[in-house]
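Listed below, chain by chain, are the residues.
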Amino acid sequence: MGLPALKQEPGPAARRPHLRVVQDAPARSQKAKPKRHAATSHAAARQAFVFFAVIVAVAAVLGAGRVWLSVQAAQASIDCGKLQTAIKTARYEGDMLEIQESALATPSRIQAEAVGTMGMAPATSVTYMRLEPGPAGTAQIAEAPAPSASPAQQAVLHNLVGMVAVEARMLLVGDAGLTSSK
């Protein structure tokens, strides 16, 4: 199929716009203005980007600081829990030691140990002695036992008194050590 034929009629001629000649210098100034405008828009865009980058960097630093503080707080909480557990354990051990000390310090136990281990017996008579310090920190007995004892008996008695004095000092230091730790 074909298209219908168009009739071409001569009509008024299309008018051409009036052209004028423009010198070369003003054209360059018009082209330079848009470049300046582009340079200012690039500078403004650069400033906006720098501002945005600074804001993002500050936000990142603040966020990292908050995370670091949270980690430190969690670590401090864990350390606090460990310390509380250690304190409870130490108090429990201290209580157990006090119970053991009170059980060991009972007079009936001390008497049983003295009789069983050292072969001691209750005293039949009591004799008080005054000890005076001698040269170089040694103690001397001011009142000697009854003169009826032989020199061998006096030597044995002297050795026994020395051993008892050493044991008494150790017991006193031990008791002082236990009471001073409370």
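Student: Hey, could you go over the overall build of the protein for me, with residue numbers and the actual values?
Tutor: In terms of regular secondary structure, the protein is built from three helices and two strands. Put simply, the protein runs from its N terminus to its C terminus through helices and strands in the order α-α-β-β-α. Counting over 182 residues, the protein shows a buried share of 1%. Total accessible area on the protein is roughly 17,000 Å²; 65% of this is exposed by carbon and sulfur atoms.

Student: For helix H2 (residues 107–118), give the residues involved together with the corresponding values.
Tutor: Three or four residues apart is the spacing at which side chains of an α-helix point the same way, because the helix has 3.6 residues per turn. Between its terminal C-alpha atoms H2 stretches 15 Å, which fits the 16 Å expected from twelve residues at 1.5 Å a residue. In the stretch just after H2, glycine 119 is the one whose phi turns positive, near 70°.

Student: Talk me through a nonpolar patch on the surface; I want residue IDs and the actual numbers.
Tutor: The grouping of Phe49, Val50, Val54, Val58 and Leu62 at the surface amounts to a nonpolar patch, some 490 Å² of accessible area in total. Checked against the element boundaries, phenylalanine 49 lands in helix H1 (residues 24–104). Judged by its relative accessible area of 58%, phenylalanine 49 is exposed.

About the criteria used
Residues numbered from 1 in each chain as written. Predicted model: local features only at pLDDT ≥ 70, side-chain atom pairs only at ≥ 80, totals over all residues. Heavy atoms only, no water. Helix = DSSP H or I, 4+ residues; strand = E, 2+ residues; numbered from the N terminus. Buried < 20%, exposed > 50% of the residue type's maximum accessible area, 1.4 Å probe, protein only. Areas by Shrake-Rupley, 256 points an atom, 1.4 Å probe, with all protein chains shown as cover. Expected span 1.5 Å × (residues − 1). Patch = residues over 30% accessible without salt bridge, like charges linked within 9 Å, V, L, I, M, F, W, Y side chains within 5 Å. Salt bridge = Lys/Arg side-chain N within 4 Å of Asp/Glu carboxyl O.

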